[in-house]
Amino acid sequence: MNSFSNVIGHEEIVEHLQSAIKMGKISHAYIFAGEDGIGKNFVADIFAATIQCEAKQDNPCGVCKSCHQAMSGNQPDIKRVTHEKSGIGVDDIRVQVNTDIGVKPYASPYKIYIVDEAEKMTEQAQNALLKTIEEPPEYAVIILLTNNLNAFLQTILSRCVILNFKSVDTKEIESYLMKNAKIPDYQAQISAAFACGNLGKALKYASSESFMQLKSDIIHLMKNRNEMDITAIAEGVKYLSENKAQINDCLDLMMLWFRDVLMFKATKNANLLLYKDELQNIQRQAELMDFEHLNHIMDAFSTVKSRLNANVNYDMAMELLLLSMSDNSVRKQ
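Each chain has its residues counted from 1, following the order in which its sequence is written. It should be noted that, the model being predicted, local features are given only for residues of pLDDT at least 70 and side-chain atom pairs only at 80 or more, the latter also being counted only at that level, while totals for whole chains, interfaces and linings use all residues. Only heavy atoms go into the side-chain values, all of them from the structure, while hydrogens and water stay out.

Comments concerning a nonpolar patch on the surface
Threshold: What makes a patch is a set of residues exposed beyond 30% relative accessible area and free of salt bridges, joined within 9 Å when like-charged and within 5 Å when nonpolar (Val, Leu, Ile, Met, Phe, Trp, Tyr). Methods summary: accessible areas were calculated by the Shrake-Rupley approach with a probe of 1.4 Å, and residue burial reflects only the protein chains presented. Whenever a carboxyl oxygen of Asp or Glu lies within 4 Å of a side-chain nitrogen of Lys or Arg, that contact is scored as a salt bridge. Segments assigned H or I by DSSP are reported as helices when at least four residues long, segments assigned E as strands when at least two residues long, and all are numbered from the N terminus.
Where nonpolar side chains cluster on the molecular surface, the patch consists of M316, L320 and L323 and spans about 260 Å² of accessible area. With respect to the element layout, M316 can be found in helix α15 (residues 314–326).

Some points on helix α10 (residues 209–223)
An α-helical turn contains 3.6 residues, so any two residues separated by three or four positions project in the same direction. Selection criterion: Working rule for helices: expected span equals 1.5 Å times residues minus one. Buried means the residue's accessible area, taken with a 1.4 Å probe over protein chains only, is under 20% of the maximum for its type, while exposed means over 50%, and partly exposed covers the values in between. The arc in question is traced by the directions running from the helix axis to the C-beta atoms. A contact between two residues is defined here by any heavy atoms of the two lying within 4.5 Å.
Its 15 residues place the ends of α10 21 Å apart at the C-alpha level, agreeing with the 21 Å of an ideal helix rising 1.5 Å per residue. F211, L214, K215, I218, I219, L221 and M222 are the residues of α10 that are buried. Looking straight down α10, one finds that the buried residues subtend no more than 160° of arc, so they occupy a single side. Projecting away from the buried face of α10 at angles above 90 degrees are the exposed residues E209, S210 and H220. The inward-facing, buried residues of α10 contact α8 (185–195), α9 (199–207), α11 (230–242), α12 (247–267), α13 (279–288) and α15.

Examining the side chain of H293
Condition: N or O atoms within 3.5 Å of each other form a polar contact, as long as, within protein, one can give a hydrogen and the other can take it, and as long as residues adjacent in sequence are counted only when both atoms are side-chain atoms.
Mapping H293 onto the fold places it in helix α14 (residues 291–309). By relative accessible area, which is 0% here, H293 ends up buried. Engagement of the side chain of H293 in a polar contact is seen with the backbone oxygen of S324, the distance being 3.4 Å.

Quick word on the nonpolar core
Filter applied, for reference: Buried residues of nine kinds, namely Ala, Val, Leu, Ile, Met, Phe, Trp, Tyr and Cys, make up a nonpolar core once their side-chain atoms join them within 4.5 Å.
Ranked by size, the top nonpolar core spans 51 residues in total, and within it L240, M254, F258 and M325 carry the most contacts. Ranked by residues supplied to this core, first place goes to α12 with ten residues. Not counting chain neighbours up to four residues away, the residues in contact with M325 comprise M222, R225, M254, F258, H293, I297 and F301.

Quick look at the pattern of salt bridges
Charged atoms that come close allow side chains of opposite charge to pair. Within the structure shown, the criterion is met by twelve salt bridges. A salt bridge links R80 to D45, with the shortest nitrogen-to-oxygen separation between them at 3.0 Å. In this pair, R80 sits in strand β2 (residues 78–80) while D45 sits in helix α2 (residues 40–52), placing the two residues 35 residues apart along the sequence. K111 is the salt-bridge partner of D100, the closest N and O atoms lying 2.9 Å from each other. With D100 in the loop between α4 (90–99) and β3 (111–115) and K111 in strand β3, the pair connects residues that are eleven residues apart, well separated along the chain. Of the residues examined, K111 reaches a relative accessible area of 1% and is grouped as buried.

Next up, the structure:
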């Protein structure tokens, strides 16, 4: 069974949670904040299993009935709030949390509610949850997992213990991939580098053939981005539309390409590149582009992400992004 010793990075968060367990000062409401794949769910599961464990220590024992139930996802007093993909409505909170929380735990010291993607709660849902957070039963623990703290009402934020999950050191991730996931060293190195401190992403990158194909396709697009005419841009938009489900990975891979171009232009140090195999192309683009254009492109990524979050026309957002990349008007002559 996983324990806090299996958590990679996040030492301060682990220390905080274990101290709370030892001192008997477990909060009724937590927010675990950090990007998807950073380890929020992993830590939430370990924390929940630990405080329900019959051994009453600062790690789950892995042998008691509660631990066995937690491992199989059947611990009756550890509940994950389910919801539609589009959002978490007020009825989801009322039925799965507010009504249920009035029933005492079956056989555990706590009733724990884990709400993944909590940023998807509507304002009405947050207000419904607020009533429970303000006057929770003694045995209640609510854990909100989110990639966007800004989505919460201030009244929710002020009543929760907020734990921010930050990027994990690349070398730690690389070591984990080799030792625990048995990933070859060369593959572990590039997967850890591309993950930018996110272990979940690193594991996906290292083990997914589809991701490796996606990476290859994006590199091809980036190598030829300066020669893109209207036809090529249309083909690029079509490709990104066909891979809409992986658009965040596509955008990250493209951003890392221009991060390398910018890094090489500033330092001339090939060892700092993530796309080391593309040194010749990175070097050529760094020579042709000035800092103004590179900054313009990096700003375009922030813009397109904002547009996607605002549900603007997807193809139009992608077309404007590709146009910003192929615009030669501010290139270094």
